[in-house]
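Residue-level listing of the chains:
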Amino acid sequence: MSAVAFSGVSKLFPGHGAGDEAVLALREVSFGVADQEFCSILGHSGCGKTTLLMMLAGFEAPSSGRILVDGRLVDRPTWRRSVVFQDYALFPWMTVEENIAFGLEMKRVPRAERRAIVRRNIELVGLQGFERRYPHQLSGGMKQRVSIARALAVDPEVLLMDEPFAALDAQNRSHMQEEMGRILASADPQVRKTMVLVTHSIEEAILLSDRVVVLTRRPGRVKAELRVELPRPRHESDSGFLELKQRIRDLIHDELEPEH
Amino acid sequence: MRPGAHAAAHPASGERAQPLAGLQALLRRARRLGLLAALIAVWWYVSERVLDRSTRALLPPPQAVLRAAWDLTRSGELWHHLHDSLKRELVAFLWACTAIPLGIAMGSWKAVEEQVDPVIEMLRPVPPLAWIPLSILWFGIGDTQNEFIIFLGCFFPILVNTVSGVKGVETNLVRAARCLGANVWQILWRVVLRAALPQIVTGVRVGLGVGWMALVAAELVGANSGLGFLINDSRTILRTDYVIVGMATIGVVGFAIDRAIRIVVRRLMPWSQALAR
Ligand SMILES: Nc1ncnc2c1ncn2[C@@H]1O[C@H](COP(=O)(O)OP(=O)(O)OP(=O)(O)O)[C@@H](O)[C@H]1O
Ligand SMILES: [Mg+2]
C-alpha cells in the first residue's frame, strides 16, 4: 500500500558565488503515482530526474513543495523506499550474498529467515552460483541485478530506480528489461511494488510502465503525463507501442527547440 | 608455440626444461640484486684497498660487519635491543591508532573538523624530533619518552589518510546504506570505515615507517636500550662494525614490517587489491 504524491516541488541548489551560480533544477513539479503502479520519468539529461528521485528517497529536502507517500511527508530515508542507484553502489567489501543481506541485518531479521530471503532474491534475479563473488568479479549486468535484489530484499513499499540499465550494452539492456518485465508480471505481492523508474529511453518507459511522466528541460517541470494501457507482455513492434513512442518522441522533440 | 610432434621427438628436452626454467627464474631474481651486490663490492674495495690500517675503523669491510653481527646475535645483545625497539614501536602504534576514530569523526562531522583541524595543522609541521628535548624533560630517559616520539611520528600520517579516506567515500554508498535502514553508527562502522580502509592502511604503513625512523632518533639520545642506543653506544667506543650492524638491522626490520602489512592486507582485503588495479 503506497501512493506517491509530488505537489509543487521545486529544488534550488544554492551556488557558492564567483561563477558558481545557483541552479534551479526543478520547478513546481506535481504528479502522483498510484499504489502498485509502475511510473517512468523521462527527460533530457540534466533536467532534474535524479534530483527528483533522491528527494523522494528522502536524501535531500525540496526547496519548496511537498512529497507525500501514503499521505505522510517524506523527511528521511527509510527501507520502505529503497533505491537502485545509477552506479549500482554495491558495497565492494561484501559478497553478493552479504550485499543482499545488508538491509535485512539492519532490519534485524533473524538469521534463518534472512538466509531464505536472500536465496529467494538471488533466484529472482538469476544469480545462483555467484553468491560468494565480490562485486568486482561481476559484469555490469550482474552488478545491476545484485543492486535490484538488494533493494527488493528489504521488501520496500516503493522501489526507486535511477537509470538502472543505462550503463549496460544494448544486448544486456534488453535482457534486463525483459527480466524486469518478468518480475513485474509476477503476481507475488512480495514482488509487486509501487515503482518509480528514471530513464532516458522511451522504449524502456513504454515497455515497463503504467504511467509515463515527461519532464521539460531544466528547470524541470511536468511536460506531460500519459497512461500506458497496452496489454503485457509488450513488444516494440506492436502498433500501439509505435504510436505511443511517436507521441512521446514528439513531446520530447518539442523540447529540443531552443527555448530562448 | 612449439608443435607437439617436435617436442615428442625430443622427450628429454621437455624434462630438462624444468630445472632449466627454475635456474632461469633464480637468475632473474638474482639480477634484481645486481646493484646491491655492486655497492657491497665498492664498500669492500674502499675498506680493504683505499683505507689503511689507521683509518679502516671508519669503515670496516663487509666480512668484519658480518662477524660483528654474528657476535651480537650469539651474545643475545642484538635481540635484546631489537626487542626493546619493537616493543616501543608497537605500544606507540597502538596509541596512534586513536587517530582512526578521530579521523572518522573529523571526516564525518564538520563541527569536529572545524575544532580539531587548526590544532592538528599547527602540530603537524613540527617534526617528532623537535619534541625530543621537551619530552626528555617530561618523561625522562626510557620507554615512555621513546614511545611518545614514535607516537607523534605515527599519529599524523594515520590521521591525515583517515580523514581523506573518509571524505572520499562515495556518497551513493552511504545513501545506499541509509535507505536500507542503517543508523549513524552502523553507517560509520559498516560502511565508512570499510570504504576508507584501503587509505587508512596506507596511513598505517606510512605511519609505521615514520615512527620507526623517529624511534631510532629518540633512542639515540633518550634510551638505555634499543637499536638507536646500540648505534650511539657503539660509536662512543668506536665499534663502527656494531654501528653498521645496528643500522642494517633497522633497515631490514623496517622493510620487513612494511612487507608484512602488505601481505596481511592482501589476505584481508581481496576486494581492495582489485579496486587499486
Ligand atoms: N548537489 C548539487 N549541487 C548543485 N547542482 C546540482 C547538484 N545536483 C544536481 N545539480 C544540478 O541540477 C540539475 C539536475 O541534475 P540531475 O542530476 O537531477 O539531472 P538528471 O536529470 O538526473 O540528469 P542525467 O539524465 O544526466 O542523469 C543539473 O543541472 C545539475 O547540474
Ligand atoms: Mg541522473
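Since we're looking at a predicted model, the values are computed, not measured.

## As for the overall build of chain B
When its secondary structure is counted, chain B shows 14 helices and 0 strands. Listing every helix and strand of chain B by position from the N terminus yields α-α-α-α-α-α-α-α-α-α-α-α-α-α. Considered along the principal axes of its C-alpha atoms, chain B spans approximately 75 × 65 × 30 Å. In chain B, which comprises 277 residues, the proportion classed as buried is 39%. Within chain B, counting contacts between residues at least 6 apart in sequence, those at least 24 apart form 71% of the total. Distance between charge centroids for chain B: 12 Å, based on 28 positive and 18 negative side chains.

## Focus on the side chain of B:Arg88
Residues and elements named next belong to chain B. By the element assignment, Arg88 lies in helix α5 (residues 77–96). A polar atom in the side chain of Arg88 sits 3.3 Å from the side chain of Asn146. Once residues lying within four places of it in the same chain are set aside, the contact partners of Arg88 are Asp143, Asn146, Glu147, Ile150, Leu215, Glu219, Ala223, Ser225 and Gly226.

## Remarks on the packing of helix α2 (residues 96–106) of chain A against helix α3 (residues 111–124) of chain A
Residues and elements named next belong to chain A. Contact geometry of α2 with α3 gives a least axis separation of 10 Å together with a crossing angle of 125°. It follows from the interaxial angle that α2 and α3 lie oblique. Remark: the crossing between α2 and α3 carries right-handed chirality. Two secondary-structure elements touch here, α2 through Val96, Glu97, Ile100, Ala101, Leu104 and Glu105 and α3 through Arg114, Ile117, Val118, Asn121 and Ile122. Residues of the contact of α2 with α3, tallied by class, amount to 7 nonpolar, 1 polar and 3 charged.

## Focus: the interface of chain B and chain A
Listed per partner, the contact involves 20 residues of chain B and 25 residues of chain A. Of the roughly 2,100 Å² buried between chain B and chain A on both sides combined, carbon and sulfur atoms contribute 69%. Broken down residue by residue, the surface that chain B buries against chain A is led by B:Cys179, B:Leu180 and B:Arg190, which jointly contribute 34%. At the junction of chain B with chain A, the criterion picks out 2 salt bridges.

## Details of the confidence of the model for chain A
Looking at chain A, pLDDT values average 88 and 94% of them are 70 or higher. Put simply, helix α5 (residues 170–185) of chain A is where chain A has its lowest mean pLDDT, 75, and α2(A) is where it has its highest, 96.

## Focus on the packing of helix α12 (residues 227–236) of chain B against helix α13 (residues 240–268) of chain B
All names here are of chain B. At a closest axis distance of 8 Å, the pairing of α12 and α13 adopts a crossing angle of 160°. Judged by the angle between their axes, α12 and α13 are roughly antiparallel. Here α12 runs over α13; the crossing is left-handed. Counting all contacts with α12, which are made through Leu227, Leu230, Ile231, Ser234 and Arg235, the residues of α13 involved are Tyr242, Val243, Gly246, Met247, Thr249 and Ile250.

## Side note on a positive patch on the surface
Residue and element names in this part refer to chain B. Taken together, the side chains of Arg29, Arg32, Arg259, Arg262 and Arg266 make up a positively charged region of the molecular surface. When contributions to the positive patch are tallied by element, the ones reaching two or more residues are α2 (11–32) and α13. If one sorts the elements of the positive patch by residue count, α13 sits on top with 3 residues. The exposure class assigned to Arg29 is exposed, which follows from its relative accessible area of 59%.

## Focus: the pattern of salt bridges
By the definition in use, this model includes 19 salt bridges over all chains. A salt bridge links A:Arg132 to A:Glu97, with the shortest nitrogen-to-oxygen separation between them at 3.2 Å. Here A:Arg132, found in the loop between α3 and α4 (140–153), pairs with A:Glu97, found in helix α2; they are 35 residues apart in sequence, far enough to count as distant. You can call A:Glu97 partly exposed: its relative accessible area is 26%. The salt bridge partner of A:Glu105 is B:Arg190, with a shortest N-O separation of 2.8 Å.

Cut-offs and rules
Residues numbered from 1 in each chain as written. Chains lettered and ligands numbered in written order. Predicted model: local features only at pLDDT ≥ 70, side-chain atom pairs only at ≥ 80, totals over all residues. Heavy atoms only, no water. Helix = DSSP H or I, 4+ residues; strand = E, 2+ residues; numbered from the N terminus. Buried < 20%, exposed > 50% of the residue type's maximum accessible area, 1.4 Å probe, protein only. Contact = heavy atoms within 4.5 Å. Lys, Arg positive; Asp, Glu negative; His and termini not counted. Charge placed at Lys NZ, Arg CZ, Asp CG, Glu CD. Polar contact = N/O pair within 3.5 Å; in protein donor to acceptor, adjacent residues only side chain to side chain. Axes fitted to C-alpha atoms, helices over the stretch in contact; angles between N-to-C directions. Parallel < 35°, antiparallel > 145°, perpendicular 65-115°, else oblique. Left-handed = near helix turned anticlockwise from the far one by under 90°. Nonpolar A, V, L, I, M, F, W, Y, C, P; charged D, E, K, R; others polar. Buried area = accessible area lost by both parts, 1.4 Å probe. Salt bridge = Lys/Arg side-chain N within 4 Å of Asp/Glu carboxyl O. pLDDT = per-residue confidence, 0-100. Patch = residues over 30% accessible without salt bridge, like charges linked within 9 Å, V, L, I, M, F, W, Y side chains within 5 Å. Areas by Shrake-Rupley, 256 points an atom, 1.4 Å probe, with all protein chains shown as cover.

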